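Coordinate inspection notes
Listed below are the residues making up each chain.
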Amino acid sequence: MSHNPMFLYVEDEPLSRMVMEVLMVRGLGYSNLKIFENSSDFMQRVQALPEKPDVFFLDIHMQPYSGFEMLAMLREHPDYQSARVIALTASVMNEEVDLLKQSGFNGAIAKPINQMTFPEMLNLILNGEEVWSIS
């Protein structure tokens, strides 16, 4: 893993985007955060990025493509089959967690993001571990 990992966050909610940016950039010092405000032309935009993201954070309830659909596109693409993809979701019923696991997400983080536990979760993710922090 590079010392300056690249993150992509796909999120249509301005407040969530702001929180993630403050946490990642100001709080944790990661300068390499890209944000998409919607999921249209998702794969074309991912492939147009200057480098391949190390970690994808996908909001589940997105338009036009949901987090599940974006994940499926990533997993179908040879370059991203092993990418780390974390779901961000405000709805955290157990059935949804099972669905996220079955779909091939590498973890899920509840929204709003818990700023106290997020740095630790991010370390685990960067170390290749799964993180299911949804309570």
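Shown above is the structure to which this text applies.
What you are looking at is a predicted structure, and each value in this text was computed from that prediction instead of being measured. Chains are numbered independently. Their residues run from 1 in the order of the written sequence. Where local features are concerned, this predicted model is filtered to residues with pLDDT of at least 70; where side-chain atom pairs are given and counted, the filter is 80 or more; whole-chain, interface and lining totals use all residues. Side-chain calculation: all heavy atoms of the structure are included, whereas hydrogens and water are not.

1. Overview of the overall build of the protein chain
From N to C terminus, the protein chain includes five helices and six strands. Secondary structure elements follow DSSP: runs of H or I no shorter than four residues count as helices, runs of E no shorter than two count as strands, and numbering proceeds from the N terminus. Along its sequence from the N terminus, the protein chain presents helices and strands in the succession β-α-β-α-β-α-β-α-β-α-β. For a compact globule of 135 residues, the expected C-alpha radius of gyration is about 14 Å, and the protein chain comes in at 13 Å, within 12% of that figure. Over its C-alpha atoms, taken along the principal directions, the protein chain stretches across nearly 35 × 30 × 30 Å. Between the two quantities, the radius of gyration covers C-alpha atoms and the globule rule is 2.2 Å times the number of residues to the power 0.38.

2. With respect to helix H3 (residues 67-76)
Here's how the labels work: a residue is buried when its accessible area is under 20% of the maximum for its type, exposed when over 50%, partly exposed in between, all with a 1.4 Å probe on protein chains only. Residues of H3 that are buried include every one of Gly67, Met70, Leu71, Met73, Leu74 and Arg75, and no others. Residue contacts are counted whenever heavy atoms from the two residues lie within 4.5 Å of one another. Residues of H3 that are buried make contact with strand E1 (7-10), helix H2 (42-48), strand E3 (55-59), strand E4 (84-89) and helix H4 (94-103).

3. Things to note about the pairing of E3
E3 sits mainly inside the fold: five of its five residues count as buried. Residues Val55, Phe57 and Asp59 of E3 are buried on one face, and the alternating residues Phe56 and Leu58, pointing to the opposite face, are buried as well. Note: two strands are recorded as paired if DSSP finds a minimum of 2 bridges between them. Relative to E3, E1 runs parallel, the two sharing four bridges. In the sheet register, Phe7 faces E3, and the bridge partner there is Val55. Two strands pair when backbone bridges link them, and E3 and E4 are joined in this way by five bridges, in the parallel orientation. Across the sheet, the residue bridging to Leu58 is Ala87, located in E4. Every crossover in which the path from the first strand over the helix to the second runs clockwise, viewed with the strands pointing away from the viewer, is termed right-handed. Each parallel crossover has a hand, and the one from E3 via H3 to E4 is right-handed.

4. Focus on the side chain of His77
Relative to the assigned elements, His77 resides in the loop between H3 and E4. Residue His77 is classed as buried on the basis of its relative accessible area, which comes to 17%. Sequence-distant contacts of His77, defined by excluding residues within four places in its chain, comprise Met43 and Gln47.

5. So, the environment of Met73
Position of Met73 relative to the elements: it lies in helix H3. Each C-alpha atom, one on Met73 and one on Ser39, is 11 Å from the other, the two residues being 34 residues apart in sequence. Ignoring sequence-local partners within four residues, the contact set of Met73 consists of Phe42, Met43 and Tyr65.

6. Regarding the pattern of salt bridges
Here a salt bridge means any side-chain nitrogen of Lys or Arg lying within 4 Å of a carboxyl oxygen belonging to Asp or Glu. Under the criterion given, the structure shown has three salt bridges. Here Lys111 and Glu11 are joined by a salt bridge, their closest N and O atoms 2.8 Å apart. Pair noted here: Lys111 is in the loop between strand E5 (107-110) and helix H5 (118-126) and Glu11 is in the loop between E1 and helix H1 (14-27), with a separation of 100 residues, a long-range link. This pair shows no difference in class: Lys111 is buried, exactly as Glu11 is. As a salt-bridge pair, Lys111 and Asp59 come within 3.0 Å of each other at their nearest N and O atoms. With Lys111 in the loop between E5 and H5 and Asp59 in strand E3, this pair connects stretches of sequence that are 52 residues apart.

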